[in-house]
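# Chains, contacts and geometry: an overview
The lines below spell out each chain.
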Amino acid sequence: MKLIYPAVFTPFEEGSGYSVVVPDLPGCVSQGNDLINAIEMGTDAASGWILGELEEGNQFPGPSPQSDIELEDNSFINLLVLDIDAYSEKYGSQTVRKNITIPAWLNTYGEKNHINFSKLLADALMKQAAN
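Residues numbered from 1 in each chain as written. Predicted model: local features only at pLDDT ≥ 70, side-chain atom pairs only at ≥ 80, totals over all residues. Heavy atoms only, no water.

### Details of the overall build of the protein chain
If you tally the helices and strands in the protein chain, you get four helices and four strands. Written out in order from the N terminus, the α and β elements of the protein chain read β-β-β-α-β-α-α-α. In summary, the protein chain has a C-alpha radius of gyration of 21 Å against a globular reference of 14 Å for 131 residues, an excess of more than 25%. Reported as C-alpha extents along the three principal axes, the dimensions of the protein chain are approximately 70 × 30 × 20 Å. Per-residue burial over the protein chain gives 23% buried out of 131 residues. Sequence separation of 24 or more characterises 54% of the internal contacts of the protein chain that already satisfy a separation of 6 or more. Surface summary for the protein chain: the accessible area is close to 9500 Å², and the carbon and sulfur share equals 52%. The distance from the centre of the 7 positive side-chain charges to the centre of the 18 negative ones in the protein chain is 26 Å. (Helix = DSSP H or I, 4+ residues; strand = E, 2+ residues; numbered from the N terminus. Rg over C-alpha atoms; globule rule 2.2 N^0.38 Å. Buried < 20%, exposed > 50% of the residue type's maximum accessible area, 1.4 Å probe, protein only. Contact = heavy atoms within 4.5 Å. Areas by Shrake-Rupley, 256 points an atom, 1.4 Å probe, with all protein chains shown as cover. Lys, Arg positive; Asp, Glu negative; His and termini not counted. Charge placed at Lys NZ, Arg CZ, Asp CG, Glu CD.)

Following this line, the structure appears as structure tokens:
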């Protein structure tokens, strides 16, 4: 699922970065040391906000029209594109049940040694994904 939300960018007075506020997502605030970093940080914050609501089974607000957003003098609006599926795959906390087939002797060995098969497989997959 891809979503687009308007975000308000305000340059810091010192000129070294931007604050980012996503008005439709209460408390969704971030910042970056330059515009590119601020866009990335705002996208990450908004994606995390939406994912949190989804994982808790809650509805989330839709985006407001840009014309409804009031700006301060030096602020501007930029649209953030949120790829919730990709974000969820990387950062989501929900688990998925998988059935696997292993040799009987490995199953016996694992049970005798109190091995948590799910943890072992998840750790191995994470190690593989990091390479």
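### Comments concerning the sheet that holds strand S3 (residues 29–32)
With antiparallel pairing, four strands are arranged side by side in an open sheet as S3-S2-S1-S4. Looking at strand neighbours, the two that pair on one side only are S3 and strand S4 (76–83), the edges of this open sheet. Geometrically, the sheet is characterised by an average inter-axis angle of 35 degrees between neighbouring strands, direction not taken into account. Packing against the sheet, helix H2 (residues 84–91) makes contact with strand S1 (2–11) and S4, and its axis sits at approximately 65 degrees to S4. (Pairing = 2+ DSSP bridges. Axes fitted to C-alpha atoms, helices over the stretch in contact; angles between N-to-C directions.)

### Re the packing of aromatic side chains
Evaluated as defined, the whole model comprises three aromatic pairs. Between Phe-9 and Phe-76, the aromatic rings sit 5.6 Å apart at their centres with planes inclined by 10 degrees, giving stacked as the arrangement. One end of the pair, Phe-9, is in strand S1; the other, Phe-76, is in strand S4, and 67 residues separate them in sequence. Taking relative accessible area as the criterion, Phe-76 reaches 28% and is therefore assigned partly exposed. A ring pair is formed by Tyr-87 and Tyr-91, whose centres lie 4.7 Å apart and whose planes are at 45 degrees; its orientation type is tilted. (Phe/Tyr/Trp six-rings, centres within 6.5 Å; stacked < 30°, edge-to-face > 60°.)

### So, a nonpolar patch on the surface
Together, Ile-100, Ile-102, Trp-105, Leu-106, Tyr-109, Ile-115, Leu-120, Leu-121 and Leu-125 make up a nonpolar patch on the protein surface, roughly 870 Å² of accessible area in all. Sorting the residues of the nonpolar patch by element identifies helix H3 (104–112) and helix H4 (117–130) as the ones contributing at least two each. Inspection of the secondary structure puts Ile-115 in the loop between H3 and H4. (Patch = residues over 30% accessible without salt bridge, like charges linked within 9 Å, V, L, I, M, F, W, Y side chains within 5 Å. Salt bridge = Lys/Arg side-chain N within 4 Å of Asp/Glu carboxyl O.)

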